[in-house]
Amino acid sequence: MTQSEAVGGSRGADRRCRWCRRALLARSGPGRPREFCSQKCRQWDWVSRQRAADLALGADEIVVRRDELDRLHDDLYMLACAVEDVELDLGDLPTNRELADALACLLAAAKPLHNRQISAPEHQSKNSS
């Protein structure tokens with residue numbers, strides 16, 4: 001048992017990267033708890049905070065590229081449709097084959113969302129021509 005498991009129980013499993021929201025592995029030993037899963041995420045978080053300050057955004061506001069937001073909405077719509085289809089297709093006592101087909105349908109709809117990352121928009125300088 002590691003020190004963090006002994007002290008915090010399963011709390012380490014609940015910790016997520018501040019930038020990408022991936023689960024952080026529990027660490028034992030001294031020091032502050034990790035906030036980021038990688039240096040890349042730490043850097044993106046810093047950049048986003050700097051840009052948010054430049055744009056006078058509040059802590060609960062973000063800037064996302066329109067095409068990434070559209071793709072996210074499309075993928076979420078596909079997942080919602082798959083859930084509705086599965087709910088309609090499965091009767092009171094579905095067979096093993098029907099359950100396997102339903103699972104395959106849901107997995108196919110959820111795959112595009114697996115490990116989805118939304119990146120910060122590229123910074124465009126005002127003087128570029």
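Residues numbered from 1 in each chain as written. Predicted model: local features only at pLDDT ≥ 70, side-chain atom pairs only at ≥ 80, totals over all residues. Heavy atoms only, no water.

Asker: Any chance you could explain the overall build of the protein chain here in plain terms?
Answerer: When helices and strands are counted, the protein chain shows 5 helices and 0 strands. Along the chain direction, N to C, the helices and strands of the protein chain fall in the order α-α-α-α-α. In the protein chain, buried positions account for 14% of the 129 residues. Excluding contacts between residues fewer than 6 apart, the proportion of contacts in the protein chain whose partners are at least 24 apart in sequence is 51%. (Helix = DSSP H or I, 4+ residues; strand = E, 2+ residues; numbered from the N terminus. Buried < 20%, exposed > 50% of the residue type's maximum accessible area, 1.4 Å probe, protein only. Contact = heavy atoms within 4.5 Å.)

Asker: Can you help me understand helix α4 (residues 66–89) in this one?
Answerer: Three- or four-residue spacings in an α-helix give side chains the same orientation, since the helix completes a turn every 3.6 residues. For α4, spanning 24 residues, the distance from its first C-alpha to its last is 34 Å, which sits close to the expected 34 Å at 1.5 Å a residue. Along α4, the residues that are buried comprise Glu68, Asp75, Ala82 and Val86. In this fold, the buried residues of α4 make contact with α5 (96–110). (Expected span 1.5 Å × (residues − 1).)

Asker: Explanation requested: the packing of α4 against α5 in the structure shown.
Answerer: Geometrically, a packed helix pair is captured by the angle between its two axes and the distance between the axes. Where α4 meets α5, the axes come as close as 8 Å, and the angle between the chain directions of the two elements is 170°. Between α4 and α5, the interaxial angle falls into the category roughly antiparallel. Along its contact with α4, which presents Asp75, Met78, Leu79, Ala82, Val83 and Val86, the element α5 presents Ala102, Cys105, Leu106, Ala109 and Ala110. The residue inventory of the contact of α4 with α5, partitioned by class, reads 10 nonpolar, no polar and 1 charged. (Axes fitted to C-alpha atoms, helices over the stretch in contact; angles between N-to-C directions. Parallel < 35°, antiparallel > 145°, perpendicular 65-115°, else oblique. Nonpolar A, V, L, I, M, F, W, Y, C, P; charged D, E, K, R; others polar.)

Asker: Looking at this structure, I do not really get unusual backbone geometry. What am I missing?
Answerer: With the exception of glycine, the majority of residues adopt a negative phi angle, and the majority of peptide bonds are in the trans configuration. One non-glycine residue with positive phi stands out, namely Arg21, at about 70°. Structurally, Arg21 is set in the loop between α2 (11–14) and α3 (39–55). Accessibility expressed as a relative area gives 48% for Arg21, which makes it partly exposed. For Ala56, which is not glycine, the phi torsion reads 60° and is therefore positive. Assignment of secondary structure puts Ala56 in the loop between α3 and α4.

Asker: How should the confidence of the model for the protein chain be read in this particular structure?
Answerer: Segments scoring low in pLDDT should not have their predicted coordinates read at a detailed level. Here the protein chain averages 81 in pLDDT, and 81% of its residues register 70 or above. Highest mean pLDDT in the protein chain belongs to α5 (94); lowest belongs to helix α1 (residues 3–8) (38). Segment residues 1–12: pLDDT under 50, and 10 contacts once partners within four positions in sequence are set aside and those in other chains are kept. (pLDDT = per-residue confidence, 0-100.)

Asker: Please explain the packing of aromatic side chains as it appears in this structure.
Answerer: Two numbers describe a pair of aromatic rings. These are the distance of the centres and the angle of the planes. Scanning the entire structure with this criterion turns up 1 aromatic pair. Measuring from centroid to centroid gives 6.3 Å for Trp19 and Trp44, while their planes differ by 15°, and the two rings are stacked. With Trp19 in the loop between α2 and α3 and Trp44 in helix α3, the pair connects residues that are 25 residues apart, well separated along the chain. Its relative accessible area of 27% is what places Trp44 among the partly exposed residues. (Phe/Tyr/Trp six-rings, centres within 6.5 Å; stacked < 30°, edge-to-face > 60°.)

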